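# Structure assessment
For reference, the chains in residue letters:
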Amino acid sequence: MIDWTAFLIVAVVTWAAALLIVAAYSMGVRLLAVAKDKGANVGLNKSGAYACFTLCGLIVAFGVVLIVPQLSEAILGIS
Amino acid sequence: MDLTLIVVLVIALALFFDFTNGFHDTANAMATPIATGAISPKKAVALAAILNLVGAFLSTEVAKTISGGIINEDPTTGVAIGPAMIFAGLMGAVIWNLLTWLLGLPSSSSHALFGGLVGAAIVGAGFGAVNYGVLLSKVLLPAIVAPLIAGISAYLCTKLAYAITKRQSGTSPKRGGFRYGQIFSSSLVALSHGTNDAQKTMGVITLTLVASGLQDAGTPVHFWVVAACAFAIALGTYTGGWRIIQTMGSGLTDVKPAQGFAAEMSTASAILTSSHLGFALSTTQVASGSVIGSGLGRKGAEVRWGTAGRIALGWLFTLPAAAIVGGLAAWITHAGTVGVIIVAVAGLVSMLAIWVLSRKNPHTHETAMSDIDNSGAAVNILSKKERRAKAKAEAKAKQAALRAKAEREEAEEEKVDKA
């Protein structure tokens, strides 16, 4: 009667999504801090940081696409 | 009583409930980025309102849980309870919400809503009117599991964020960047709030439409219902925003940007996934779970079990208490039109009375403003100095114990020698 798999899905998806986003953002923050070090490659570190922030946004956008039925049908072709 | 009139009454009351929900809850999402100065209060409140509006349009799974799951359907008449019973249930929820707000008790407006509906359904149509399986698997169990999932997630994320940003050789970690991340994570929390809380009202309105025969059971939520609920919660969020601007700087728990980011990300992902699977959650409870979890993820944190226990007790109490109020209202409604009028008047009078009372002594309620903030108090984070002092005290106690043991042994040896 109780759908335990649904709880498992919520747990796994929550942990995976939150950890991935936090990891990516933290990496970005770290790279920005490294870019301010003496003798660091400012351009490389900064672009790495912005790549991390973009990745964050992409993960969130993917999540929203999965949740909205119209979007997931239009973009991913699944309903 | 005229059928359409009572339907209009229920819809109006449901939208009022939605409005208070936005007014009460959503401001919480934006409190931290305002506190850290990452975003101006005006912009934050407007952003939260817009995202609630958008969130309400994203999904209707939770609305389906409420309109087609919890209350059993009668094969002949559609739904076992009439719109008058739903009106009674809603009134019970509204009264209970205002009462707990006045007394400063931790409560959940969502659970008050379910409690009121269940109570009214039981009184109105007997114990068979409620589908306990759905109630258990989509409301009660998620209420325990989701905050736990969010809390564990926040704990792990906080540890991860600090581990990744930690710099060797004593250079500053520059974690200020998380402040701007909090604009992003708070926005997601506001969005997720719209997907879950606005849908509860949609579910109630749809349930009413089905119960009064204006909509076929099992059909999707009407677009105008979605739009009305979305605007009600957005308006509530916007008008509720002045409050956080007022209470800013006072009483906010010590939340660091990196920790806040981790907590908000966990809250948002837990609520969004749950909404997608049709779990009707209390967003306040999930956010509280995250705040406590992320607090524990910081160095030198310890749980104040007394505070945590009091919050948990409040949550446990909400559903049955609201059920009793809802049941009582349903019982009065049974008297027909007179009953409905009595319930409506009683509800209005209690709303007015509570509003007047809260005006009289607003200061006692400042602490009850934010339930999430209250739950933050359940974790005590020691500063470096306090940690050192605690370690010293523990070492001292250990030494004292060792010394006492040695002395005791010596005394015993002496005794043996004497003998």
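Residues numbered from 1 in each chain as written. Chains lettered and ligands numbered in written order. Predicted model: local features only at pLDDT ≥ 70, side-chain atom pairs only at ≥ 80, totals over all residues. Heavy atoms only, no water.

Bringing the overall build of chain B into the picture now. When helices and strands are tallied, chain B shows 14 helices and four strands. Put simply, chain B has 419 residues, and 53% of those count as buried. Within chain B, contacts between residues at least 6 apart in sequence are counted, and of these 86% link residues at least 24 apart. When the accessible surface of chain B is split by element, carbon and sulfur atoms take 67% of a total near 18400 Å². (Helix = DSSP H or I, 4+ residues; strand = E, 2+ residues; numbered from the N terminus. Buried < 20%, exposed > 50% of the residue type's maximum accessible area, 1.4 Å probe, protein only. Contact = heavy atoms within 4.5 Å. Areas by Shrake-Rupley, 256 points an atom, 1.4 Å probe, with all protein chains shown as cover.)

A count of helical and extended segments in chain A gives three helices and zero strands. Secondary structure elements of chain A occur, N-terminal to C-terminal, as α-α-α. Residue pairs at least 24 apart in sequence account for 36% of intrachain contacts in chain A once pairs closer than 6 positions are excluded. As displayed, chain A has an accessible area near 4600 Å², and 73% of this comes from carbon and sulfur atoms.

Listed by partner, the interface residues are 34 residues for chain A and 42 residues for chain B. Between chain A and chain B the total buried area reaches about 3200 Å² when both faces are included, carbon and sulfur atoms providing 80% of it. When residues of chain A are sorted by the area they lose upon contact with chain B, A:Phe7, A:Tyr25 and A:Ile67 head the list and together hold 20% of the total. Applying the counting criterion to the chain A and chain B interface returns zero salt bridges. Applying the counting rule to chain A against chain B returns four residue pairs in polar contact (both at pLDDT 80 or more). Among the secondary structure elements, those contributing two or more residues to the side of chain A that touches chain B are α1 (4-35) and α2 (42-67) of chain A. In terms of residue count, the dominant contributor to the side of chain A that touches chain B is α1(A) (22 residues). Classifying every residue of the side of chain A that touches chain B by side-chain character gives 28 nonpolar, three polar and three charged. (Buried area = accessible area lost by both parts, 1.4 Å probe. Salt bridge = Lys/Arg side-chain N within 4 Å of Asp/Glu carboxyl O. Polar contact = N/O pair within 3.5 Å; in protein donor to acceptor, adjacent residues only side chain to side chain. Nonpolar A, V, L, I, M, F, W, Y, C, P; charged D, E, K, R; others polar.)

Okay, helix α11 (residues 305-333) of chain B next. Across its 29 residues, α11(B) extends 42 Å between first and last C-alpha, which sits within 8% of the 42 Å expected from 1.5 Å per residue. Where α11(B) bends most, at B:Thr318, the angle is about 35 degrees, and the proline B:Pro320 comes one to four residues later. (Expected span 1.5 Å × (residues − 1). Bend = angle between axes of the 7 residues up to and from the residue.)

Moving on to the UniProt feature "transmembrane region" (unreviewed entry) in chain A. Residues and elements named next belong to chain A. As annotated by UniProt and renumbered to match this structure, "transmembrane region" (unreviewed entry) occupies residues 6-27 and 48-68. The distance from the first to the last C-alpha atom of residues 6-27 is 31 Å, and the span holds 100% helix and 0% strand. Overall, residues 48-68 shows 95% helix and 0% strand. The separation of its end C-alpha atoms is 31 Å. (UniProt positions renumbered as here; feature names shortened; annotations may be inferred.)

All names here are of chain B. By secondary structure assignment, the location of Leu272 is in helix α9 (residues 257-276). Residue class for Leu272 comes out buried when judged on its relative accessible area of 11%. With 79 residues separating them in the primary sequence, Leu272 and His193 have C-alpha atoms 8.4 Å apart.

Glancing now at the UniProt feature "transmembrane region" (unreviewed entry) in chain B. Residue and element names in this part refer to chain B. UniProt's feature table lists "transmembrane region" (unreviewed entry) at residues 45-66, 78-99, 111-132, 139-164, 221-240, 312-332 and 338-357, given in the numbering used throughout. Between the first and last C-alpha atoms of residues 312-332 the distance is 31 Å; the span itself is 100% helix and 0% strand. In this annotation, residues 338-357 is assigned 100% helix and 0% strand; the end-to-end C-alpha distance for the span is 28 Å.

It is worth spelling out a negative patch on the surface at this point. A cluster of acidic residues, B:Glu407, B:Glu409, B:Glu410, B:Glu412, B:Glu413, B:Glu414 and B:Asp417, forms a negative patch on the protein surface. Assignment of secondary structure puts B:Glu409 in helix α14 (residues 384-418). (Patch = residues over 30% accessible without salt bridge, like charges linked within 9 Å, V, L, I, M, F, W, Y side chains within 5 Å. Lys, Arg positive; Asp, Glu negative; His and termini not counted. Charge placed at Lys NZ, Arg CZ, Asp CG, Glu CD.)

Residue and element names in this part refer to chain B. Relative to the helices and strands, Thr201 is located in helix α7 (residues 177-211). Using a relative accessible area of 2% as the deciding quantity, one classes Thr201 as buried. When residues no more than four places from it in sequence are discounted, the contact partners of Thr201 are Ala14, Leu15, Asp18 and Cys229.

Core analysis: the largest hydrophobic core is formed by 59 residues, its most contacted members being B:Ile86, B:Phe87, B:Leu90, B:Met202 and B:Val204. Considering each element in turn, this core owes the most residues, 10 residues, to helix α4 (residues 83-103) of chain B. Among the nonpolar cores identified, the runner-up in size contains 30 residues, and A:Tyr25, A:Val68, B:Cys157 and B:Leu191 belong to it. (Core = buried A, V, L, I, M, F, W, Y, C linked by side-chain atoms within 4.5 Å.)

Time to look at the pattern of salt bridges. Residues and elements named next belong to chain B. In total, this model carries one salt bridge over all chains according to the counting rule given. Asp197 is the salt-bridge partner of Lys200, the closest N and O atoms lying 2.4 Å from each other. One end of the pair is Lys200 and the other is Asp197, both in helix α7 and three residues apart, which spans about a single turn. The exposure class assigned to Lys200 is buried, which follows from its relative accessible area of 1%. By relative accessible area, which is 1% here, Asp197 ends up buried.

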